[in-house]
Amino acid sequence: MNAFRVRLRFHDDLTFFLKSKTGNEVIERNLGEKTSVKDVIESCGVPHPEVDLILVNKEPVDFSHLIAKDADIDLYPVQSQCQLFKEKRLQVRSITRFVADGHLGTLARNLRLLGFDVAYDRQAQDRQLLSVMEREDRALLTRDRRLLMHAIVRHGYCPRSQNPDDQTIEVIRRFDLFDSITPFNRCLRCNASLQKVAKAEVIEKLEPLTKIYYQEFRRCTGCKQIYWAGSHFSKLQRRLEKIRARFS
């Protein structure tokens, strides 16, 4: 088979993954055999869950499409302003269940604060993350682009920022979560849902001043941690309002 050349143009924030520091969003590859467009894309350092639309010579294709001759390939992320071929998009936009890798602990906590189901184990190895993702049908959150490239990853996102609050905003935007925010309904420690509980049921576990000054309580259905609107609650509220303000 004769060698051929493909020219890939990465649009919008997909350029985040490119090695070039010059801002050049075009990469050329010389190929000597039929290759899936997924493999060509990921050879450039861009994980497939980040790509929402692929145009080969201006026609939409999926990740299994084989490239066998010269081609121009345009690639768009989920949040692109491109209005072409909306029925041919490759990613699911609205997902509310996640698994986060061990380096994203504050992001996981922020998302739980907002009411989202986030599996998180600081010590989890890559194979464990992938197992939880696949078994529980979760989207994978990681800054490890190689992990996102794993063939079994269907849905995922690599936060661009290293700041946890900025990461939280990114995830909310990527997965269209703003209208699904239900704060203070999930345990920050273990991720299980919280349930209102009568004060009489938990009073033996409360500190003396808490017994006096607080009347409303919630208990985790998993680890049984008890929550009330103490000083920590005000801190969490301020964080929540800071995040919400970014969308106004």
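What counts, and at which threshold
- Residues numbered from 1 in each chain as written.
- Predicted model: local features only at pLDDT ≥ 70, side-chain atom pairs only at ≥ 80, totals over all residues.
- Heavy atoms only, no water.
- Pairing = 2+ DSSP bridges.
- Helix = DSSP H or I, 4+ residues; strand = E, 2+ residues; numbered from the N terminus.
- Axes fitted to C-alpha atoms, helices over the stretch in contact; angles between N-to-C directions.
- 1 Å grid on protein atoms, 1.4 Å probe; cavity = no way out; pocket = protein on both sides within 12 Å on 5 of 7 lines; lining within 4 Å.
- Points joined across faces, edges and corners; volume = space filled by probe spheres on them.
- Nonpolar A, V, L, I, M, F, W, Y, C, P; charged D, E, K, R; others polar.

Student: Before we move on, could you go through the sheet that holds strand β1 (residues 4–10) and cite the residues and values that matter?
Tutor: Taken together, the 5 strands give an open sheet; going across it, the order is β2-β1-β7-β4-β5, and neighbouring strands pair in mixed fashion. Of all the strands in the sheet, just β2 (26–31) and β5 (59–61) have a single pairing partner and so form its edges. The mean inter-strand angle of the sheet, taken between neighbouring strand axes irrespective of direction, is 30 degrees. Relative to strand β7 (residues 71–76), strand β4 (residues 53–56) runs antiparallel, the two being bridged by 4 bridges. Residue pairing across strands places L55 opposite D74, the latter belonging to β7.

Student: Let's hear about the layout of surface pockets: which residues, and what values?
Tutor: Considered as a void within the structure, the largest pocket measures approximately 370 Å³ in volume. For the largest pocket, the lining is made up of 17 residues, of which F184, R218, Y227, W228 and F233 are closest to its centre. Sorting the residues of the lining of the largest pocket by element identifies α2 (105–113), β12 (194–197), β13 (217–220) and α8 (231–245) as the ones contributing at least two each. Of the residues in the lining of the largest pocket, the class split is 11 nonpolar, 1 polar and 5 charged. Here the second largest pocket defines a volume of roughly 230 Å³. What lines the second largest pocket is R109, L188, R189, Q225, I226, Y227, H232, K235, L236 and R239. For the lining of the second largest pocket, the secondary structure elements donating two or more residues are β14 (226–227) and α8. With 4 residues, α8 is the single largest residue contributor to the lining of the second largest pocket. Among the residues forming the lining of the second largest pocket, the class breakdown is 4 nonpolar, 2 polar and 4 charged.

Student: Which residues make up the sheet that holds strand β9 (residues 117–120), and what values do they have?
Tutor: Taking strand neighbours across the sheet as the criterion, the 4 strands line up as β9-β8-β10-β11 in an open arrangement whose pairing is parallel. In this open sheet, the two strands that pair with only one neighbour each are β9 and β11 (156–157). Pairing analysis gives 4 bridges linking strand β8 (residues 97–100) to β9, with the strands arranged parallel. From the neighbouring strand, R97 faces β9, where its bridge partner is D117.

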